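Structure at a glance
Read off the chains here:
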Amino acid sequence: MNGTLTTAILGALILLFSLSTPLWARVDADEAQLETVRKEIDRDSRKSEAGKIQSLARQFNVTPEAVQDLRANKQGWGETAIELAMAQQLVQTDATTYPTMTEALNRIETLRSQKMGWGKIANYFGFKLGPVVSAAQQVRNELRNESRAAGTSNTGKSGKPATATRVERAGRPERLSRPERPARPERAARVH
């Protein structure tokens, strides 16, 4: 009896630990994906600073001054976008404590200054990091689309003039027709 009870308890503990590990792994995966998106946003510097400020302000419904304040804290564009996405998620999940984006941003900045990662901040406020990752990816895609739209009006991807300004190639020359074959001469009739 003692052996089966110990085995059952041990089995339950193993099951409990095996089920809880993927949850931690998912948070780490989301945080790694968020870090990747941050680097991609920082690397994509085709758009002007004023254009990025306007774009972030429009996407997160904040004033351009709020975005500039975040940038004044020596944050990259990716960090700024993630912080805005995190604040937006916080306002949506806990509107009574954080009714405005400004209050949510101040609280998140406080936690970031205490060296808390994005996953720990999301865990602290009781929401998942997935929606923040999605919002950050959407920001990245919007910034890329806007920079492409601005870039295709006069230049291509590499900064060279667009293909519409190239000189048109001449069409194929007409194919020369074959000369007509002369008719076969008739054979002389046979004499028998």
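Here's what I pulled together on the structure shown here. (Residues numbered from 1 in each chain as written. Predicted model: local features only at pLDDT ≥ 70, side-chain atom pairs only at ≥ 80, totals over all residues. Heavy atoms only, no water.)

**Describing unusual backbone geometry**
For clarity, the threshold we go by: The helix count covers DSSP runs of H or I at least four residues long, the strand count covers runs of E at least two residues long, and both are numbered beginning at the N terminus. Only protein chains enter the area calculation, which uses a 1.4 Å probe; residues under 20% of their type maximum are buried, those over 50% are exposed, and those in between are partly exposed.
Phi at Asn61 takes a positive value of approximately 60 degrees, unusual for a residue other than glycine. Among the structural elements, Asn61 can be located in the loop between helix H2 (49–60) and helix H3 (64–72). By relative accessible area, which is 73% here, Asn61 ends up exposed. Phi is positive for Lys74, which is not a glycine, with a value near 60 degrees. Tracing the backbone through its elements, the reader meets Lys74 in the loop between H3 and helix H4 (77–93).

**Here we look at the environment of Gln137**
Test applied: Two residues form a contact once any of their heavy atoms are found within 4.5 Å.
Along the polypeptide, Gln137 turns up in helix H7 (residues 130–151). Gln137 sits 96 residues away from Ile41 along the chain, and the two C-alpha atoms are 9.0 Å apart. Beyond its immediate stretch of four places on either side in the chain, Gln137 contacts Gln33 and Val37.

**Some thoughts on the packing of H4 against helix H6 (residues 118–125)**
Stated precisely, the cut-off is as follows: Inter-axis angles, ranging from 0 to 180 degrees, are taken between N-to-C directions of lines fitted to C-alpha atoms, where helices are fitted over the stretch in contact. In this scheme, roughly parallel covers angles under 35 degrees and roughly antiparallel covers those over 145, while 65 to 115 is roughly perpendicular and the rest are oblique. Residues are grouped as follows: Ala, Val, Leu, Ile, Met, Phe, Trp, Tyr, Cys and Pro are nonpolar; Asp, Glu, Lys and Arg are charged; all remaining types, including Gly, are polar.
One way to put it is that H4 packs onto H6 with a least axis distance of 11 Å and a crossing angle of 10 degrees. Regarding the angle of H4 to H6, the classification is roughly parallel. Of the residues in H6, those touching H4 at Glu79, Ile82, Glu83, Met86 and Leu90 are Trp118, Ile121, Ala122 and Phe125. Partitioning the contact of H4 with H6 into residue classes produces 7 nonpolar, no polar and 2 charged.

**Looking at the pattern of salt bridges**
Oppositely charged side chains may form a pair once their charged atoms are brought near each other. Operational definition: Here, a salt bridge means any Lys or Arg side-chain nitrogen found within 4 Å of an Asp or Glu carboxyl oxygen.
Scanning the model with the defined rule gives 6 salt bridges in all. Close ionic contact of Arg38 with Asp42 constitutes a salt bridge, the shortest N to O distance being 3.0 Å. Of this pair, Arg38 and Asp42 both sit in helix H1 (residues 2–43), separated by 4 residues, roughly a single helical turn. A salt bridge links Arg140 to Glu40; the nearest nitrogen and oxygen atoms lie 2.5 Å apart. Of this pair, Arg140 sits in helix H7 while Glu40 sits in helix H1; the two residues are 100 residues apart in sequence, bridging distant segments of the chain. Each of the salt bridges in this network shares a partner with another, and the network as a whole consists of Glu35, Arg38 and Asp42.

**A look at the packing of H2 against H4**
Formally: For a crossing to be left-handed, the near helix must be turned anticlockwise from the far one by less than a right angle; the clockwise case is right-handed.
One way to put it is that H2 packs onto H4 with a least axis distance of 11 Å and a crossing angle of 15 degrees. Considered as vectors, H2 and H4 are oriented roughly parallel to each other. When you trace H2 past H4, the crossing you get is right-handed. For the pair H2 and H4, the contacting residues are Glu49, Lys52, Ile53, Leu56, Gln59 and Phe60 in the first and Trp77, Thr80, Ala81, Leu84, Ala85 and Gln88 in the second. Grouping the amino acids of the contact of H2 with H4 by side-chain chemistry returns 7 nonpolar, 3 polar and 2 charged.

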